[in-house]
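The residues making up each chain are set out below.
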Amino acid sequence: MNSSFLYHAWGLYSLECTREEYKGNTIILHVQSKKRLLLCPKCGKLHLVKNGYRIRDFVGLPIGGKKVLIRMKVQRYKCRNEGCDYDQQENIPFATGSRSYTHRFAKYVVDLLRGMTLQDVANHLSISWNTVKEIHSTHLLRHYCPPSLKGVKNIGIDEFAVRKGHIYKTIVVDLDSGRILYVGDGKGIDALKKFWKRVKRHKVKIEHIATDLSAAFIASVLENCPSAVHVFDHFHVVKLMNEHLDDIRRKVYAMEKDINKRKVLKGTRFLLLGNGADIFDKHYKTRLDNALAMNEPLSKAYYLKEQMREIWAQTNKEQASAVLYDWVRQARESKIPQLVKMANTLMLYRSGILAWYDCQISTGKVEGINNKIKVMKRNAYGFRDERYFMLRLYALHDCRITRNVG
Ligand SMILES: [Zn+2]
């Protein structure tokens, strides 16, 4: 096989092929350097002599449906100039360090991963799953880590559970680009410490921050970024309201003795908690109306839940403020404990809730990312490797990387 074919097919230059071997599904190309080194790279004298060699195998790009192994005779040289201790093996330009594959091959693996799962790629190329993961990790580390904070203005902070809720991670997302900027271990104030350190070190001017109503996030933002506008977005406020509504539903159901009425109440959870405007099915609508007609507290809570969305549907902050106060009044008048509790929460956090009118950011993007993470966790059994998992998170915004999340 001639040298220019070696170059064009596998990116191997200055090499010659001494022999080709065909073994089962593998083609082995025996190669060696074309030139013998004479000049010592250390002292510059013509005193280099050969000092043994090693045979190394590298996986190269497949050809004709067969695996290609490049078996190289790697020459070792030593310098005979007195006082010079040069003694090294020759440079291998087509692979890195002790890696057992070529640069071209690594690039091919990364390209395949844009549309295939790790396991698919490993099967297709007859290499181990770990090698595919190693190649991908190296690529992600070089291109996405650590994420730059340059120009970041608006961020969203949220947490998610890994492994059935035993382990938590806190993520910070750039709300403009959708990039994950930071992944912290655990939840709460400590999980964000390293992020704030980076913000200070790089003098990042964060203007708006969206989070849920967690006390830890509020304290953390206040301490580290007091000049930023802190927005509590409607996703989380409505979610909290839904939790109260669900609590009311459960209690009503538990107290109901009439078996027929219990039947009506059963299975209304998704109707109650969903967005009322989304219920088009007549049958569902009747079921919901029947359940609501039976119980006054439930009905009151449901209508207040629906009304709550109006807080974010006004044309300006003043109107929204009026809607919020009206909501709080109705909730308190109802004397239903869960609604009174929700009213108190709204009052406590009202400035952050209404801050949405100053800057319409929300953690919606973060929620979207959380959903992507869920898909990623479901599809891949390899995410026990925390480092790889984190690297995948940093590349999550890049659809060229995340089209397939296996
Ligand atoms: Zn030398």
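Residues numbered from 1 in each chain as written. Predicted model: local features only at pLDDT ≥ 70, side-chain atom pairs only at ≥ 80, totals over all residues. Heavy atoms only, no water.

Peer 1: Talk me through the pairing of strand β6 (residues 154–162); I want residue IDs and the actual numbers.
Peer 2: Summarising burial for β6: seven of the nine residues are buried, a large majority. As paired elements, β6 and strand β9 (residues 208–211) share three bridges and run parallel to each other. Bridging from a neighbouring strand, Gly-156 pairs with Ala-210 of β9. Summarising the sheet, β6 and strand β7 (residues 167–174) pair through eight bridges and their orientation is antiparallel. Each residue of the ladder has a partner; that of Glu-159, found in β7, is Thr-170. (Buried < 20%, exposed > 50% of the residue type's maximum accessible area, 1.4 Å probe, protein only. Helix = DSSP H or I, 4+ residues; strand = E, 2+ residues; numbered from the N terminus. Pairing = 2+ DSSP bridges.)

Peer 1: Could you give an account of the packing of aromatic side chains, naming the residues involved and the relevant values?
Peer 2: Applying the stated criterion across every chain yields a total of nine aromatic pairs. Geometrically, the ring pair formed by Phe-232 and Tyr-349 is edge-to-face, given 5.2 Å between the ring centres and 65 degrees between the ring planes. Placement of the pair is Phe-232 in strand β10 (residues 229–232) and Tyr-349 in the loop between α13 (337–348) and α14 (350–354), with a sequence separation of 117 residues. Judged by relative accessible area, which is 17%, Tyr-349 ranks as buried. Each member of the aromatic cluster is reached from another via a ring pair, and the members are Tyr-182, Phe-195 and Trp-196. If you follow Lys-187 out to its NZ or CZ, it ends over the ring of Tyr-168, 3.9 Å from the centre. (Phe/Tyr/Trp six-rings, centres within 6.5 Å; stacked < 30°, edge-to-face > 60°. Lys NZ or Arg CZ within 6 Å of the ring centre and 35° of its normal.)

Peer 1: Tell me about the packing of helix α7 (residues 234–255) against α13, residues and numbers included.
Peer 2: Here α7 crosses α13 at 170 degrees, and the two axes come no closer than 10 Å. Relative to α13, the element α7 lies roughly antiparallel. In this structure, α7 crosses over α13, and the sense of that crossing is right-handed. Contact residues: α7 offers Val-237, Leu-240, Met-241, His-244, Asp-247, Ile-248 and Lys-251, while α13 offers Gln-338, Leu-339, Lys-341, Met-342, Thr-345 and Leu-346. Looking at the contact of α7 with α13 residue by residue, the classes come out as seven nonpolar, three polar and three charged. (Axes fitted to C-alpha atoms, helices over the stretch in contact; angles between N-to-C directions. Parallel < 35°, antiparallel > 145°, perpendicular 65-115°, else oblique. Left-handed = near helix turned anticlockwise from the far one by under 90°. Contact = heavy atoms within 4.5 Å. Nonpolar A, V, L, I, M, F, W, Y, C, P; charged D, E, K, R; others polar.)

Peer 1: Now, about the environment of Ile-279: what can you tell me, with residues and values included?
Peer 2: With respect to the helices and strands, Ile-279 occurs in the loop between α9 (269–273) and α10 (282–294). Given the relative accessible area of 14%, Ile-279 is considered buried. Beyond its immediate chain neighbours, meaning those up to four positions away, Ile-279 contacts Leu-271, Tyr-284, Lys-285 and Leu-288.

Peer 1: With reference to specific residues and values, describe the environment of Arg-249.
Peer 2: Inspection of the secondary structure assignment puts Arg-249 in helix α7. Among the polar contacts listed, one links the side chain of Arg-249 to the side chain of Asp-246, at a separation of 2.9 Å. (Polar contact = N/O pair within 3.5 Å; in protein donor to acceptor, adjacent residues only side chain to side chain.)

Peer 1: An account of the confidence of the model for the chain is requested, with residue identities and associated values reported.
Peer 2: Here the chain shows a mean pLDDT of 88. Residues at 70 or above account for 96%. Considering each helix and strand of the chain separately, the mean pLDDT is smallest for helix α17 (residues 399–402), with a value of 57, and largest for helix α12 (residues 317–334), with 96. Between residues 402–406, whose pLDDT stays under 50, and residues either more than four places distant or in other chains, the model counts 20 contacts. (pLDDT = per-residue confidence, 0-100.)

Peer 1: I'd love a proper account of the packing of α12 against α13, names of residues and values included.
Peer 2: At a closest axis distance of 8 Å, the pairing of α12 and α13 adopts a crossing angle of 150 degrees. Considered as vectors, α12 and α13 are oriented roughly antiparallel to each other. For the pair α12 and α13, the crossing hand works out as left-handed. Every residue of α13 that contacts α12 at Leu-324, Tyr-325, Trp-327, Val-328, Ala-331, Arg-332 and Ser-334 is listed here: Leu-339, Val-340, Met-342, Ala-343, Asn-344, Leu-346 and Met-347.

Peer 1: Please set out the side chain of Asn-224 residue by residue, giving values where relevant.
Peer 2: Here Asn-224 is to be found in helix α6 (residues 215–224). For Asn-224, a relative accessible area of 18% corresponds to the buried category. At 3.1 Å, the side chain of Asn-224 forms a polar contact with the side chain of Lys-200. A polar side-chain atom of Asn-224 sits 2.8 Å from the main-chain carbonyl oxygen of Ser-220.

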